Amino acid sequence: MSVAEQSIAGAEVRGHGFLASSVGRKVIMAATGVVLFGFVTVHMIGNTQAYMGAKSLNGYAEFLHSMLHGAGIWIFRGVLLAASGLHAWAAISLTLDNQAARPVGYRETQSVASTWSSRTMRWSGFILVVFIVYHLLHLTTGQLHPAFKAPQGHEYFAYDNFVSAFKVPAVAGFYVIAQLCLGLHMWHGVWSFTQTLGLSHPRYDGLRRNFATGLTLLVVGVNISYPIAVLTGCIH
Ligand code: HEM
């Protein structure tokens, strides 16, 4: 039995359900990708409060933590965690299936084109996971932030934590690199998502490309502006 036949047989052993099919897992990846993408966009917009001063950003942090008497943020965290877990699971299992099913004598041009994109997705995805873990321990819980000011009752110090964080050039640099990875990941993600929706057609490809590029540049550009604004003293 060839490698491809073995892999197909393996997939059959797993079952014929929605999640066992590669289309089902692509749909899961696209749907959870939209949730995560929506979060990143809303988060980017929320953080623009930093440009309006300490009162605005701290008030925004307090609002997030007091929604639905404090339950709101936990519902939102649960949705985010479930979406991230499903997204990573679908990506990893599809990659493993693709690797196992790839015939040995694949034509070189095809193989180079298809693996460049997926390899970029894998390492940008991995760096994003590292970034998110660091980011949570840095700006949310503070373990990795030497000057972190923890909330006192209903008083939040998101602004002080934000400014003191990005005053450290290495930290600001890491945030910028992580946002560039986010950009790469988002661009390919939005592009493939519109393909999963069935919009892959010469008539729509220009629109798909512009949509992916415009949204990515907006989110990444604004996110990168935060560490740069602190480093250059525009936010202090
Ligand atoms: C330069 C870009 C970014 C800045 C300045 C920033 C800033 C912040 C700040 C200040 C908080 C703490 C809010 C609070 O609890 O008071 C936070 C929380 C968070 N950020 Fe970011 N962030 C950035 C990019 C990102 C990205 C790209 C992601 C995801 C890919 C992300 C995911 C999160 C998550 C999951 C939380 C925790 C929300 C919660 O409390 O459950 N952030 N961010």
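Residues numbered from 1 in each chain as written. Predicted model: local features only at pLDDT ≥ 70, side-chain atom pairs only at ≥ 80, totals over all residues. Heavy atoms only, no water.

As for the nonpolar core
Link 1 in the chain: Grouped together as the largest cluster of nonpolar side chains are 17 residues, with contacts concentrated most on Leu57, Phe162, Val163, Phe166, Tyr175, Val230 and Ile235.
Link 2 in the chain: Those elements that provide at least two residues to this core are helix 3 (54-66), helix 5 (108-140), helix 6 (158-166), helix 7 (169-196) and helix 8 (202-231).
Link 3 in the chain: Once residues lying within four places of it in the same chain are set aside, the contact partners of Val230 are Phe162, Val163, Phe166, Lys167 and Ile235. (Core = buried A, V, L, I, M, F, W, Y, C linked by side-chain atoms within 4.5 Å. Buried < 20%, exposed > 50% of the residue type's maximum accessible area, 1.4 Å probe, protein only. Helix = DSSP H or I, 4+ residues; strand = E, 2+ residues; numbered from the N terminus. Contact = heavy atoms within 4.5 Å.)

What to know about the packing of helix 6 against helix 8
Link 1 in the chain: Contact pair helix 6 / helix 8: the axes reach a minimum separation of 8 Å and the direction vectors enclose 75°. What the angle tells us is that helix 6 and helix 8 run roughly perpendicular. Of helix 8, the residues touching helix 6 (which contributes Phe162, Val163 and Phe166) are Tyr226, Pro227, Val230 and Leu231.
Link 2 in the chain: Among the residues forming the contact of helix 6 with helix 8, the class breakdown is 7 nonpolar, no polar and no charged. (Axes fitted to C-alpha atoms, helices over the stretch in contact; angles between N-to-C directions. Parallel < 35°, antiparallel > 145°, perpendicular 65-115°, else oblique. Nonpolar A, V, L, I, M, F, W, Y, C, P; charged D, E, K, R; others polar.)

Considering helix 8
Link 1 in the chain: For helix 8, spanning 30 residues, the distance from its first C-alpha to its last is 44 Å, which sits close to the expected 44 Å at 1.5 Å a residue.
Link 2 in the chain: Of all the bends found along helix 8, the most pronounced is centred on Ser225 and spans about 25°, while Pro227, a proline, follows it within four residues.
Link 3 in the chain: Regarding helix 8, the residues found buried are Arg208, Ala212, Thr216, Val219, Val220, Asn223, Ile224, Tyr226, Pro227, Ala229 and Val230.
Link 4 in the chain: Tucked inside the fold, the buried residues of helix 8 contact helix 2 (22-47), helix 6 and helix 7.
Link 5 in the chain: Of the residues trailing helix 8, Gly233 is marked for its positive phi of about 85°. (Expected span 1.5 Å × (residues − 1). Bend = angle between axes of the 7 residues up to and from the residue.)

Observations concerning the confidence of the model for the protein
Link 1 in the chain: Scored by pLDDT, the protein comes out at a mean of 87, with 86% of its residues at no less than 70.
Link 2 in the chain: Considering each helix and strand of the protein separately, the mean pLDDT is smallest for helix 1 (residues 3-14), with a value of 44, and largest for helix 6, with 98.
Link 3 in the chain: Contacts for the low-pLDDT stretch residues 1-14, under 50 throughout, to residues beyond four places or in other chains number 11 contacts.
Link 4 in the chain: Across residues 108-113, where pLDDT falls below 50, the model places 1 contact with residues more than four positions away in sequence or in other chains. (pLDDT = per-residue confidence, 0-100.)

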